[in-house]
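Listed here are the chains, written in short residue letters.
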Amino acid sequence: MIPRSIKKPCLPLILVLLFFSCVKEVDFDQANDLELTPVMSSSLVFFDESASSFVESGSEIDIIQEFLIIDLFTDTFIVENLVKAEFVFLGKNALNRDVNLQVDFLDDLDVLVHRFSIEQEAAVEGSEVFTEYIETFEGDTLLALKSTIKIVFTLRLIAEDPIPDDITGRVELQSSSNFYFKIAAAE
Amino acid sequence: MKKHRAYLLFFLCVYSVAQNKQILYGFNEIPQSLLLNPGAEVSNMGYIGVPLLSHVHINGGTSGPTVYDLFSANGVNFNEKFRSVVYNSDSRDFLSANEQLEVFSGGFAIGNTFEKTEYLSFGVYQELDVISYIPTDYIELALEGNQNNINRVFNAGDLSARAEVVSVFHLGYNKKVNSRFNYGIRGKLYSSVVDIDATKNKGSFTTRRGTNNIYEHIFNLDMQVRTSGIASLTSDDNSGFNEDLKEISKRAFFGGNLGLGFDVGFTYNITDQWRLDGSVLDVGFISHSKDVENYVVNGNYVFEGINPLFPDVANGQSAQDYWDALKEDFEDLFDVDTTGTKYTTWRPIKFNGSLNYTFGKKKKKDCDCTTEDSGYLNAVGAQLYAISRPKQPQMALTVYYYRKLFEGLSLKGTYTLDSYSFYNLGLGVAAQLSGFGFYVMADNFLQYENIYNAEGLSLQLGFNYIFNKK
């Protein structure tokens, strides 16, 4: 038989091993400090049109205007978490006209809250002119963006004086946005 | 973590392990070892498990970050710790939990009076099994956004998780063919209480340089979450907790979605001292047809931006029409379809195998010789365990030492290599006093020093009344 001296401490020893466990200090409230700071890039507007798009029934169109109703910027998630936005435009103009794109931001009362415009100068002796433009929304302009529900695009062709020959060439514009978020786990 | 992984890949080529009961496996004094190998050698004439206490098993683990990695009160900014945990994990890292509770069980030997070579065992247990892989691509997209990840393919399949609660009714047959060979089989009837399956997600999201515009965004989504037994519990018609409880208990006893399965196993004594055994468990399925609710998101879409100034005028489309069509496309893409299509899930199949060597017979006090009829007192061996999991099987390798201290008290110590750790020491004890048997076993002892830093813990215990051979 196994001596009593071995037998006796056996079970208690195992139980102690099993149930005597330690923990070091942890703090689960830290999860409230979690902050996500993603930067989302998205394509915006674009066009790529030849001179013929600006001619209707033999006469030149010098203004094109369209608007969009957009409920994206007033979305609660955007309003609460967007801390900065950038709209980046890359233009390439081979038209023998200056091209001006004006972008107007209107709120739900149709009041203009923000405006910017991009100038694309006319091609010089047929070689295209490249343009880069960045519109940054921070502070007041960011607030304006967050109240926008309508965007009006106005494209103007501006001819030098005296008006040169018939319109030729093509114009291209590409754009993207960078949305900077700061999303906190706890408010 | 990374370092561990490199070594582990070297050894096993796969990650490991949940539901491993390496201490109980082959510990044949404990009647519940028959649940791990229906073909184990049975050493008793019969047993009755103490209802609800005959087998309690809990097991949890992570192959990646521990609670302590994330939540230690060490003064480091939580955001830094969070990012470090995410970037040190990959999409094959997982968290898993498993719990089993035997409601009742029993067994008895059958056959002729002189030599009973057959054994029947039966019982009911309830099991909870959860596994969730860490959706690293989703978390990294939420942390960084896509701006610095142009051309990166974010994998929608990173979201992979499964959870189920089942009741299992089983009946096992064990046969001793001769002194060398034993086999056994166990039939199982599964009654699913709840099931959530999100393991079939596919697809991706990519942003890359576009042709018409600066970027193009490619959405390719084929995602689904299948559930059974959830909708009726969360619906408004179901007013109270008591009703939910009633519903759950009904399902636990054949009222749920049913399935069938089996276990098989064998023991082969190569020589008097060498033994080989193995088993395959839970080869079975559950067919989910009642109370099914599936959520499906399916679609392909490439977004390049909008062209409001020159919409498709030829087709009489205005800028607003164009914009509305675009919004509709997006809504369709992310629209969640709810379906009631029935589905089938496979239970996680488990494999156990071991090679064992027994030695050291008990010496008689009075003659310095060994007793012939008593068995060997020591055993050493190697065990291999594998389980099928949604992304890839997990494996563990165990070496053990077993010692029968004296009649009625045995110990088994194990050392296990798996993806949770390289330092997994386990210890189990089975004690028996006048037929009343108790066992308790746990592993990862070295990690008990700080439970929050443990990558895996498991504990099993139970009480049985055992009828011993005369």
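Residues numbered from 1 in each chain as written. Chains lettered and ligands numbered in written order. Predicted model: local features only at pLDDT ≥ 70, side-chain atom pairs only at ≥ 80, totals over all residues. Heavy atoms only, no water.

## Brief notes about the overall build of chain B
Helix and strand counts for chain B stand at seven helices and 21 strands. When burial is assessed residue by residue, chain B has 51% of its 470 residues classed as buried. Accessible area of chain B: about 21000 Å², with a carbon and sulfur share of 61%. (Helix = DSSP H or I, 4+ residues; strand = E, 2+ residues; numbered from the N terminus. Buried < 20%, exposed > 50% of the residue type's maximum accessible area, 1.4 Å probe, protein only. Areas by Shrake-Rupley, 256 points an atom, 1.4 Å probe, with all protein chains shown as cover.)

## Side note on the environment of Ala319(B)
Here Ala319(B) lies in helix 7 (residues 319-334). C-alpha of Ala319(B) to C-alpha of Pro308(B): the two residues are eleven residues apart in sequence and 5.0 Å apart in space. The residues contacting Ala319(B), other than those within four sequence positions of it, are Glu66(A), Phe67(A), Leu68(A), Pro308(B) and Pro311(B). (Contact = heavy atoms within 4.5 Å.)

## Focus on the packing of helix 3 (residues 78-87) of chain B against helix 4 (residues 136-144) of chain B
All names here are of chain B. Contact pair helix 3 / helix 4: the axes reach a minimum separation of 10 Å and the direction vectors enclose 140°. Relative to helix 4, the element helix 3 lies oblique. When the axes of helix 3 and helix 4 are compared, the crossing they make is left-handed. Contact with helix 3, carried on its side by Phe82, Arg83, Val86 and Tyr87, involves Thr136, Ile139, Glu140, Leu143 and Glu144 of helix 4 and no other residues of that element. (Axes fitted to C-alpha atoms, helices over the stretch in contact; angles between N-to-C directions. Parallel < 35°, antiparallel > 145°, perpendicular 65-115°, else oblique. Left-handed = near helix turned anticlockwise from the far one by under 90°.)

## Considerations on the sheet that holds strand 11 (residues 150-158) of chain A
Residue and element names in this part refer to chain A. Ordered in space as 6-11-8-9, the four strands form an open sheet in which the pairing is antiparallel. Each having just a single partner strand, strand 6 (63-69) and strand 9 (112-120) make up the two edges of the open sheet. Taken over all neighbouring pairs, the strand axes of this sheet differ in orientation by 15° on average, direction set aside. Bridging between strand 8 (residues 98-106) and strand 9 involves eight bridges; their strand directions are antiparallel. Paired with Asn100 across the strands is Glu119, a residue of strand 9. (Pairing = 2+ DSSP bridges.)

## Digging into the packing of aromatic side chains
Note on aromatic pairs: each is described by the distance of the centres and the angle between the planes. With the rule as written, the count across this model stands at 32 aromatic pairs over all chains. Measuring from ring centre to ring centre gives 6.4 Å for Phe330(B) and Phe334(B), while their planes differ by 15°; the resulting arrangement is stacked. Of the two residues, Phe330(B) and Phe334(B) both sit in helix 7, four residues apart, roughly one turn of that helix. Note on Phe330(B): relative accessible area 23%, which makes it partly exposed. With centroids separated by 5.9 Å and ring planes inclined at 20°, the aromatic side chains of Tyr357(B) and Phe359(B) adopt a geometry described as stacked. Taken together, Phe73(A), Phe87(A), Phe89(A), Phe105(A), Phe116(A), Tyr133(A), Phe137(A) and Phe179(A) form an aromatic cluster joined through their ring pairs. When the ring centre of Tyr180(A) is taken as origin, the NZ or CZ atom of Lys84(A), which lies over that ring, is 4.7 Å away. (Phe/Tyr/Trp six-rings, centres within 6.5 Å; stacked < 30°, edge-to-face > 60°. Lys NZ or Arg CZ within 6 Å of the ring centre and 35° of its normal.)

## So, the confidence of the model for chain B
All names here are of chain B. Summing up the model confidence of chain B, the mean pLDDT is 87 and the portion of residues at 70 or higher is 89%. Here helix 1 (residues 2-12) stands out as the element of chain B with the lowest mean pLDDT, 35, in contrast to strand 11 (residues 274-288), whose mean of 97 is the highest. In the model, residues 1-16 has pLDDT below 50 throughout and makes 44 contacts with residues more than four positions away in sequence or in other chains. (pLDDT = per-residue confidence, 0-100.)

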